[in-house]
Amino acid sequence: METSMTVHETDAVVVGAGPVGLFTVFQCGMVKLRCHVVDALEAVGGQLSALYPEKPIYDIPGHPKVLAAELVDRLTEQAAPFAPIYHFGVQVDALSREPDGRWRCGLSNGETILARVVIVAAGGGAFGPNRPPLDGLEHYEGTSVFYLVRRREDFRGKRVVIAGGGDSAVDWAISLAEIAAKVMVVHRRPKFRAAPESEERLKQLAQSGAVELVVPYQLHGLEGEDGVLSAVVVADLDGNTRRLEADVLLPFYGLSTALGPIAGWGLDMEGHLIAVDPATGATNAPGVFAAGDICTYPGKLKLILTGFAEAARVAHSAYDVAHPGEALHFEHSTTSGVPGTSGVPGGQ
C-alpha cells in the first residue's frame with residue numbers, strides 16, 4: 001500500500017484526464033514517454049463524463065456522431081497499451097524544479113511525482129462538484145451520494161434520487177429509468193434547463209410512471225447509517241417536508257471550475273489561460289507544456305479536435321526535453337503500431 005511519502009518517477013506528468021489529456025497519453029506513448037496522469041475528478045473524461053456523457057458530438061473526425069461517454073471510453077482504450085498511472089481526486093499542489101532539471105510535482109494527497117516534463121491538459125482548470133448544503137453529506141459521499149456516474153449498471157435495481165434541473169440531471173434520469181427500481185427527480189421548479197427534446201422525453205416518462213417528478217422541492221436532509229442512505233428528505237417552498245425512500249442520491253448542480261494551484265506555478269498567463277508557443281506548445285517554464293482549452297495562442301480554436309492536434313505536437317516537443325540530444329525517428333502509427341499489435345502496416 002502506498003503511503004503519503006510515496007515518490008513516483010516517470011517521463012511525463014499529464015495534468016488532466018479529459019479527452020485531450022487521454023490523447024496526450026497516447027501520443028506520449030507513441031514516442032516512448034511514460035506518463036502519470038493527475039485529475040481532480042474521480043474518473044477519466046473531464047467535462048464529457050461529468051456534464052454530458054449522453055450528449056452526441058458531431059465534429060470528431062471519422063465519427064459522424066459519437067456520444068461523449070463513448071468517446072471517453074475509446075480514448076481510454078487507446079491510451080491503455082501504454083500503461084498510464086492515474087491519480088484521481090487529487091491536484092498538483094506544488095511544482096518546483098530539481099537540481100537535475102526534473103520537475104517535482106507535489107500532489108494534494110502528500111505523494112510526489114518526479115518527471116522530466118509536465119503537460120497541462122486541464123481544460124478549464126480543476127473541476128469540483130457544487131455540493132448541496134446538507135448536514136452529514138460527507139458521510140455518504142462515495143457510497144450513496146455521487147456527483148457523476150461512472151457505470152450506469154451500478155444503479156440497476158436501486159431507488160435513485162436525482163437533484164437538479166440541467167442537462168446532466170435530465171439525461172441521467174432518462175437513462176437510469178431503464179434500469180433503476182425507481183427514479184425521482186427533485187427540482188425547485190417545474191421548468192428544466194435541459195435541451196427541449198430531453199425535457200419533453202422526461203415529462204413523457206413521468207406521465208407513464210417511469211420517473212417521478214418531485215417539484216417544486218429542494219433537498220433538505222439525508223437519513224441513513226454508516227454511509228448507507230435510506231431516505232432523502234425534501235422541502236417545498238413553504239418548508240413542508242417529504243421523505244423519499246432511496247438508496248442513492250445524485251446531486252447534479254454543476255461543477256465549479258478554477259485554475260487552482262496552476263495559477264501559482266509561475267506560468268505566463270493571458271486571462272485565465274496559459275500562454276504557449278503555438279509551434280511547440282511550450283510555456284515560459286522549460287519542460288512545461290500545455291494543450292487543449294487551458295492554453296492560448298493567436299488564432300486558437302477551442303475545439304476537441306484542436307486539442308488532439310496540440311497533444312501530438314506537445315508529445316514530440318516533450319520528447320526533445322526528456323531525451324536531449326537524441327533524435328526522434330518519426331514513424332506513422334501504421335508502421336510503428338502500438339504495444340499488442342504487430343507493428344507492421346495495418347497496425348493502429
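Preceding this section is the structure that the text describes.
What counts and how
- The residue count restarts for each chain, going from 1 along the sequence in the order it is written.
- Note on the predicted model: pLDDT of at least 70 is required for a residue's local features to be given, and 80 or more for side-chain atom pairs to be given and counted; whole-chain, interface and lining totals, by contrast, use all residues.
- Think of the side-chain values as coming from all heavy atoms in the structure, minus any hydrogens and water.
- A run of H or I in DSSP becomes a helix once it reaches four residues, and a run of E becomes a strand once it reaches two; helices and strands are each numbered from the N terminus.
- For every residue, the accessible area (1.4 Å probe, protein chains only) is compared with the maximum for its type, and the residue is labelled buried under 20%, exposed over 50%, or partly exposed between those bounds.
- The nonpolar core is taken to be a set of buried Ala, Val, Leu, Ile, Met, Phe, Trp, Tyr and Cys residues, with the residues joined through side-chain atoms within 4.5 Å.
- Any Lys or Arg side-chain nitrogen found within 4 Å of a carboxyl oxygen on Asp or Glu counts as a salt bridge.
- Classification of ring pairs uses Phe, Tyr and Trp, with its six-membered ring standing for Trp, and accepts pairs whose centres are within 6.5 Å; under 30 degrees between planes counts as stacked, over 60 as edge-to-face, and the remaining range as tilted.

(A) Main features of unusual backbone geometry. With an omega dihedral of -10°, the bond running from Val215 to Pro216 counts as a cis peptide bond. Along the chain, Pro216 turns up in the loop between strand S12 (212-214) and strand S13 (217-225). Residues other than glycine seldom take positive phi values, yet Lys32 does so here, at roughly 65°. As for its position among the elements, Lys32 is in the loop between helix H1 (19-30) and strand S2 (35-39). The backbone of Ala83 shows a phi angle near 50°, a positive value even though the residue is not glycine. Tracing the chain through its elements places Ala83 in the loop between helix H3 (68-79) and strand S5 (85-88). Accessibility expressed as a relative area gives 54% for Ala83, which makes it exposed.

(B) Representation of the nonpolar core. Grouped together as the largest cluster of nonpolar side chains are 37 residues, with contacts concentrated most on Leu33, Ile57 and Leu71. Where this core is concerned, the elements lending two or more residues are strand S1 (7-15), H1, S2, H3, strand S8 (112-120) and helix H6 (304-322). Counting residues in each nonpolar core, the second largest holds 26 residues, with Val13, Val15, Trp103 and Ala115 among its members.

(C) Representation of the pattern of salt bridges in the model. Applying the stated criterion to the full structure yields 18 salt bridges. The partner of Glu212 in a salt bridge is Lys182, and the shortest N-O contact between them spans 3.3 Å. Linking Glu212 in strand S12 with Lys182 in strand S11 (residues 182-186), this pair joins segments that are 30 residues apart in sequence. We classify Glu212 as partly exposed; its relative accessible area is 21%. Accessibility expressed as a relative area gives 39% for Lys182, which makes it partly exposed. Overlapping salt bridges, with partners in common, bring together Arg159, Glu223, Arg243, Glu245 and Asp247 in one network.

(D) Looking closely at the packing of aromatic side chains. Overall, the coordinates contain five aromatic pairs when judged by the stated rule. Aromatic side chains Phe23 and Phe26 sit 5.6 Å apart centroid to centroid with 25° between the ring planes, which places their arrangement in the stacked category. In this pair, Phe23 and Phe26 both sit in helix H1, three residues apart, roughly one turn of the helix. In this structure Phe23 comes out as buried when scored by relative accessible area, which is 14%. Between Tyr86 and Phe88, the ring centres sit 5.4 Å apart and the planes meet at 10°, which makes this aromatic pair stacked. Through pairs of rings, three or more aromatic residues link up here, namely Phe23, Phe26, Phe82 and Phe308.

Keep in mind that these numbers describe shape and distance, not what the molecule does.
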